[in-house]
Amino acid sequence: MQLRYSFRLYPNRPQRSALARAFGCARVVYNDALRARETARVEGAPLPKTGDLSKLLITDAKKTDERAWLGEVSAVVLQQSLRDLDTAYRNFFDGLKGKRPRTGAPRFKSRKDNRQAVRFTSNARWKITTGGDLLLPKIGDVRVKWSRVLPSVPSTVTVVKDAAGRYFASFVVETEPDETLPEAGPEVGIDLGLTHFAILSDGTKIESPRFLRRAEKKLKREQRRLSRKAKGSNNRTKARIKVARAHAQVADARREFHHQLSTKIIRENQAVAVEDLAVKGLARTRTAKSIHDAGWSAFVSMLEYKAARYGRTFVRIGRFEPTSQVCCVCDVKDGPKPLHVRVWECGACGTVLDRDINAAVNVAKAAGLAVSACGARVRPGVIPAQRGETGTRRDGQTTVVGIPAL
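Throughout this document, residue positions are counted from 1 along each chain, in the order its sequence is written. The model is predicted, so local features are restricted to residues of pLDDT at least 70 and side-chain atom pairs to those at 80 or more, both for listing and for counting; the totals for chains, interfaces and linings are taken over all residues. Calculation of side-chain values draws on the structure's entire complement of heavy atoms; hydrogens and water are dropped beforehand.

Visitor: How do you make sense of the packing of helix 4 (residues 211-227) against helix 5 (residues 234-268) when you look at a structure like this?
Guide: Axis angle and axis distance: for two packed helices, these are the angle between their axes and the distance between the axes, and together they describe the pair. Only the stretch in contact is used when a helix axis is fitted, and all axes are lines through C-alpha atoms; the angle between N-to-C directions ranges over 0 to 180 degrees. Numbering goes from the N terminus for both helices and strands, where a helix is a DSSP run of H or I of at least four residues and a strand is a run of E of at least two. Running from N to C, helix 4 and helix 5 point in directions that differ by 170 degrees, and their axes come no closer than 9 Å. On the basis of their axis angle, the class for helix 4 and helix 5 is roughly antiparallel. Contacts from Phe211, Leu212, Ala215, Lys218, Leu219, Glu222, Gln223 and Leu226 in helix 4 reach Arg236, Ala239, Arg240, Lys242, Val243, Ala246, His247, Gln249, Val250, Ala253, Arg254 and Phe257 in helix 5. Comment on the angle field: the value is read as roughly parallel under 35 degrees, roughly antiparallel over 145, roughly perpendicular from 65 to 115, and oblique elsewhere. The contact definition used throughout considers only heavy atoms, calling two residues in contact when any of these lie within 4.5 Å.

So, in structure tokens, the structure goes:
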């Protein structure tokens, strides 16, 4: 399978200027190609092909005075910009046909966009030097902060500049087939929540870090300072970068938490089951900020691709499965319960159930995993003994004795 690895780049001032030229040239070619296709669509003419656009907007445009500066950057960057437009159109039409989730029509790019990116393929002859730098054509040797070793030789590299002004190198690599982990015995179901981020069917509860909630005070302060700066001024640009960096710190901390937890779960369990949550619908409720802060979708996606990478089983059950309404001991549906009810007693068997752990066990059962109800740490209730098991008082009168349910 293909994976993407990102590493921090530290270009010097001339290299930052060269990257800015590459971002700008790729953006201009993208916008020119989009304008040409939109003009053809309005006029009812067939859409121009990528090869024709490449000759018109790159090869011929370099010979004109208006676009002569396109020759200052690598031609591969400009070609990849046209391919990005093809991908945008393909995703748009596939969404209309129902082949994938719907996306909007391609839009023009702006130099004020928060994210700028260019892509170099092997044709660009980029390479990683013996000193550990990243050699990019017409940019130079850029210093890289390597945090791990790439599992194989990358096929492409994308240089990204985010809203906080940071630069990253994103590599696409093919993973080796010998990454399957040794078999692990446990199989676990996971119930995601807000108070506890994840509740496992073995009774483990992981507290929600609430990165956004903890950083709200700093974010509000920086946002107020930004709102007081005059539009178009350098001070406003500096304040905007401070706000972006504050948000980037929150996003990085959340991503690191997701990676560490998902890796731990995949390594310790042979099979993992989660519920297919309607995050978009839940994000329209009054708990929207907490739901976005938790980042359930990103965490589940990490579990899915890591399970495929390391030879684990990943199961996603339907979102309409009544995991919080069914007793995990006797499988009797006891009806819906308001969110403030965290512990409830089964009306059929009398078992006292923790709402979250019971839901996690039911998630595992719905996925067909071999998870026993005893892992839910439920507390049996008191039930009447049978007539043959009745005891006697000292006065000789029979009485009913309460014994724990087995």
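Now, onward.
Visitor: Which parts of the structure should I look at to understand the packing of aromatic side chains?
Guide: Each aromatic ring pair is summarised here by two numbers: the centre-to-centre distance and the angle between the ring planes. Working definition: a ring pair exists when centres of Phe, Tyr or Trp rings (six-membered ring for Trp) sit within 6.5 Å. Plane angles under 30 degrees give stacked, over 60 give edge-to-face, the rest tilted. This structure, assessed with the given rule, holds nine aromatic pairs. Here the aromatic rings of Tyr89 and Phe93 are separated by 6.2 Å at their centres, their planes lie at 20 degrees, and the arrangement is stacked. Taken together, the residues Tyr89 and Phe93, both in helix 3 (residues 75-97) and four residues apart, mark about one turn of the helix. Any residue under 20% of the maximum accessible area for its type is buried, any over 50% is exposed, and the rest in between are partly exposed; the area is computed with a 1.4 Å probe on protein chains only. Classification of Tyr89 as buried rests on a relative accessible area of 9%.

Visitor: Teacher, can you tell me more about the sheet that holds strand 12 (residues 313-317) here?
Guide: Two strands make a pair as long as DSSP finds a minimum of two bridges between them. Taken together, five strands build an open sheet; the order of strands is 10-9-8-11-12 and the sheet is mixed. The open sheet terminates on both sides in strands that have one partner only, identified here as strand 10 (205-207) and strand 12. Shown here is a sheet whose adjacent strand axes are inclined to one another by a mean of 20 degrees, direction ignored. Sheet topology note: the strand 8 (residues 187-192)/strand 11 (residues 271-275) ladder contains four bridges and is parallel. Its bridge partner lying in strand 11, Ile190 is registered against Val274.

Visitor: Teacher, can you tell me more about the packing of helix 5 against helix 8 (residues 296-310) here?
Guide: For the pair helix 5 and helix 8, interaxial distance at closest approach is 9 Å and the crossing angle is 40 degrees. Between helix 5 and helix 8, the interaxial angle falls into the category oblique. Taken as a pair, helix 5 and helix 8 cross one another with a handedness that is right-handed. For the pair helix 5 and helix 8, the contacting residues are Arg255, His258, His259, Leu261, Ser262, Thr263, Ile265, Ile266 and Arg267 in the first and Ala298, Phe299, Met302, Leu303, Tyr305, Lys306, Ala307 and Tyr310 in the second. Classification used: nonpolar for Ala, Val, Leu, Ile, Met, Phe, Trp, Tyr, Cys and Pro, charged for Asp, Glu, Lys and Arg, polar for all others including Gly. Partitioned by chemical class, the residues of the contact of helix 5 with helix 8 number 10 nonpolar, four polar and three charged. Should the near helix be turned counterclockwise from the far one by less than a right angle, the crossing is left-handed, whereas a clockwise turn marks it as right-handed.

Visitor: Would you explain the pattern of salt bridges in this entry?
Guide: Where side chains of opposite charge bring their charged atoms close, a pairing between them can arise. Any carboxyl oxygen of Asp or Glu that lies within 4 Å of a side-chain nitrogen of Lys or Arg is treated as forming a salt bridge with it. Here the structure, examined in full by the defined rule, presents 19 salt bridges. Residue Asp252 pairs with Arg166 through a salt bridge whose shortest N-O separation is 2.8 Å. With Asp252 in helix 5 and Arg166 in the loop between strand 6 (156-161) and strand 7 (167-174), this pair connects stretches of sequence that are 86 residues apart. Accessibility expressed as a relative area gives 27% for Asp252, which makes it partly exposed. Overlapping salt bridges, with partners in common, bring together Asp162, Arg166, Asp252 and Arg255 in one network.

Visitor: Help me understand the sheet that holds strand 2 (residues 116-120), please; the structure alone is not making it clear to me.
Guide: Two modes of strand pairing occur in sheets, parallel and antiparallel, and in both the strands are linked by backbone hydrogen bonds. What the seven strands build is an open sheet, ordered 2-6-7-1-5-4-3; its pairing is antiparallel. Of all the strands in the sheet, the pair left with one neighbour each is strand 2 and strand 3 (127-128). Direction of pairing for strand 1 (residues 2-10) relative to strand 5 (residues 140-145): antiparallel, over a ladder of three bridges. Across the sheet, residue Arg8 finds its bridge partner in strand 5, namely Lys145.

Visitor: Is there a simple way to explain a positive patch on the surface in this structure?
Guide: Judged by side-chain charge, Lys217, Lys218, Lys220, Arg221, Arg224 and Arg228 come together as a positively charged surface patch. Counting through the fold element by element, Lys218 comes out in helix 4. For patch building, the residue pool is restricted to those with more than 30% relative accessible area and no salt bridge; the joining distance is 9 Å between like charges and 5 Å between nonpolar side chains (Val, Leu, Ile, Met, Phe, Trp, Tyr). All accessibility values rest on the Shrake-Rupley procedure with a 1.4 Å probe; residue burial counts only the protein chains present in the view. Neither His nor the chain termini are counted; the positive set is Lys and Arg, and the negative set is Asp and Glu. The atoms used to mark charge sites are NZ of Lys, CZ of Arg, CG of Asp and CD of Glu.

Visitor: I would appreciate a short explanation of the layout of surface pockets in the present structure.
Guide: A cavity, in this analysis, means grid points on a 1 Å lattice covering only the protein atoms where a 1.4 Å probe fits yet has no way out; a pocket is instead an open set bounded by protein on both sides within 12 Å along at least five of seven lines, and a residue lines either one if it has an atom within 4 Å of a point. Grid points are joined across faces, edges and corners, and a volume is the space filled by probe spheres set on the points. The computed volume of the largest pocket comes to approximately 1300 Å³. The wall of the largest pocket is formed by 35 residues, among which Tyr5, Ser6, Arg148, Arg255 and His259 lie closest to the centre. Only strand 1, strand 7, helix 5 and helix 8 provide two or more residues apiece to the lining of the largest pocket. Element by element, the count of residues in the lining of the largest pocket is highest for helix 5, at 10 residues. Here the residues of the lining of the largest pocket sort into 16 nonpolar, six polar and 13 charged.

Visitor: Help me out: how do you make sense of the side chain of Ser74 in this one?
Guide: Here Ser74 is to be found in the loop between helix 2 (50-59) and helix 3. Overall, the relative accessible area of 10% leaves Ser74 in the buried class. Aside from chain neighbours lying at most four places away, what touches Ser74 is Phe120, Ala124, Pro137 and Lys138.

Visitor: Looking at this model, I keep getting lost on the environment of Leu135. Mind explaining?
Guide: Following the sequence through the fold, Leu135 ends up in strand 4 (residues 134-136). Owing to a relative accessible area of 26%, Leu135 belongs among the partly exposed residues under this scheme. Spatially, the C-alpha atom of Leu135 lies 8.7 Å from that of Arg125, the residues being 10 residues apart in sequence. For Leu135, the contacting residues outside a window of four places in its chain are Trp126, Lys127, Thr129, Gly140 and Asp141.

Visitor: Help me understand the pairing of strand 7, please; the structure alone is not making it clear to me.
Guide: Walk down a regular strand and you will see the side chains alternate between the two sheet faces. Counting buried positions along strand 7 yields six of eight residues, so the element is predominantly enclosed. With eight bridges joining them, strand 1 and strand 7 adopt antiparallel strand pairing. Bridging across to strand 7, Phe7 finds its partner in Ala169. In terms of strand pairing, strand 6 meets strand 7 through six bridges, oriented antiparallel. For Val160, the partnering residue across the bridge sits in strand 7 and is Phe168.

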